[in-house]
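Analysis of the macromolecular model
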Amino acid sequence: MKTLPYARALRAALIAAAIGGTSTAALADIKDYKFELVDQTVQAGPDKTITVRLMNTKTGKAVPDAVVFATRLDMAPDAMQEMATKVTPMPGAEPGTYKFKATFGMAGRWQLSLGAKVQGETGTVENKLVITAQK
Ligand SMILES: [Cu+2]
């Protein structure tokens, strides 16, 4: 009697593996997605808007409805990784683009670390983009 639940669990696992294998083969890879900046530069100062676009590099199309999160914005490109600023998501972006608000306290290069979960894809898109804040 002890073997029955085990057999059932094993069969369920095999079916899940078969389904999982089929669906991943049919879908794009998470590496086929990347972020790009809509504008490469911002003005230095408080409450500036950053707009990024999430692209599917295989189709060349922007990807709407992804769960996008900014994990960090700092001045690592100008050797000031300890100079970090808060990044706040903002609504109202066009489909496939994602907006954030941040204070750029200093002119120079800022690195934005982004992550995204794409519907129907396993894994996380992770990119770092460099934005130049101008005086
Ligand atoms: Cu700085």
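Attention here is on the structure that accompanies the text. What you are looking at is a predicted structure, and each value in this text was computed from that prediction instead of being measured. (Residues numbered from 1 in each chain as written. Predicted model: local features only at pLDDT ≥ 70, side-chain atom pairs only at ≥ 80, totals over all residues. Heavy atoms only, no water.)

1. Focus: the coordination of the copper ion
Put simply, the ideal angle at a metal is 109.5 degrees for four donors in tetrahedral geometry and 90 or 180 degrees for six donors in octahedral geometry. Rule in force here: With water omitted from the atoms examined, metal sites may look incomplete; donors here are N, O and S atoms no farther than 2.8 Å from the metal, or 3.2 Å in the case of Na, K and Ca. In these descriptions, tetrahedral denotes four donors with every angle between 85 and 135 degrees, square planar four donors and octahedral six donors with opposite donors over 155 degrees apart and the rest between 65 and 115, and irregular any other case. Under the scheme applied here, a residue whose accessible area is under 20% of the maximum for its type counts as buried, over 50% as exposed, and between as partly exposed, the area being computed with a 1.4 Å probe on protein chains only.
Only Met75 (SD), Met80 (SD), Met83 (SD) and Met106 (SD) from the protein reach the copper ion as donors, at distances of 2.3 to 2.5 Å. Bound by four donor atoms, the copper ion shows angles of 87 to 128° at the metal and therefore tetrahedral coordination geometry. Read N to C, the donor residues that coordinate the copper ion are spaced as M-x4-M-x2-M-x22-M. Taking relative accessible area as the criterion, methionine 83 reaches 31% and is therefore assigned partly exposed.

2. Topic: the side chain of aspartate 32
Worth spelling out the cut-off: Where helices and strands are cited, they refer to DSSP runs of H or I of at least four residues and of E of at least two residues respectively, numbered from the N terminus. Residue contacts are counted whenever heavy atoms from the two residues lie within 4.5 Å of one another.
Of note, aspartate 32 is situated in the loop between helix H1 (3-26) and strand E1 (33-37). Here aspartate 32 falls in the buried class, since its relative accessible area comes to 12%. Excluding its chain neighbours within four sequence positions, the residues that come into contact with aspartate 32 are Met55, Asn56, Thr57 and Lys58.

3. Describing the pattern of salt bridges
Where charged atoms from two side chains of opposite charge approach closely, those side chains can pair. Basically, it comes down to this: Criterion for a salt bridge: a side-chain nitrogen of Lys or Arg within 4 Å of a carboxyl oxygen of Asp or Glu.
By the definition in use, this model includes five salt bridges. With a shortest N-O distance of 2.4 Å, arginine 72 and aspartate 74 are connected by a salt bridge. Two residues, arginine 109 and aspartate 78, come together in a salt bridge whose shortest N-O distance is 2.8 Å. On the criterion of sequence distance, the pair formed by arginine 109 in strand E9 (residues 108-117) and aspartate 78 in the loop between strand E5 (67-75) and strand E6 (80-84) is long-range, its members being 31 residues apart. Linked through salt bridges whose partners overlap, the residues forming this network are Lys34, Glu36 and Arg53.

4. Here's the deal with the sheet that holds strand E10 (residues 125-134)
What counts here: A pair of strands is treated as paired once DSSP finds two or more bridges between them. Convention adopted: a line fitted to C-alpha atoms gives each axis, helices being fitted over their contacting stretch, and angles between N-to-C directions are expressed from 0 to 180 degrees.
The strand order across the open sheet formed by five strands is E2-E10-E9-E5-E6, and the pairing between neighbours is mixed. One side of each edge strand has no neighbouring strand; the edge strands of this open sheet are strand E2 (41-43) and E6. Neighbour-to-neighbour, the strand axes of the sheet open up by a mean angle of 40°, direction not taken into account. Two elements, E5 and E6, share two bridges in a ladder whose sense is antiparallel. When the bridges of E6 are listed, methionine 75 appears paired with methionine 80.

5. Regarding the nonpolar core
Applied cut-off: The nonpolar core is taken to be a set of buried Ala, Val, Leu, Ile, Met, Phe, Trp, Tyr and Cys residues, with the residues joined through side-chain atoms within 4.5 Å.
Counting residues in hydrophobic clusters, the biggest one holds 28 residues, and the most contacted among them are Phe35, Ile50, Val52, Leu54 and Phe104. Secondary-structure elements contributing two or more residues to this core are E1, strand E3 (45-56), E5, strand E8 (97-104), E9 and E10. Discounting residues that sit within four places of it in the chain, phenylalanine 104 has contacts with Val42, Gln43, Ala44, Gly45, Lys48, Ile50, Leu73, Trp110, Ile131 and Ala133.

So, to be careful, I would describe these as geometric facts and stop short of saying anything about function.
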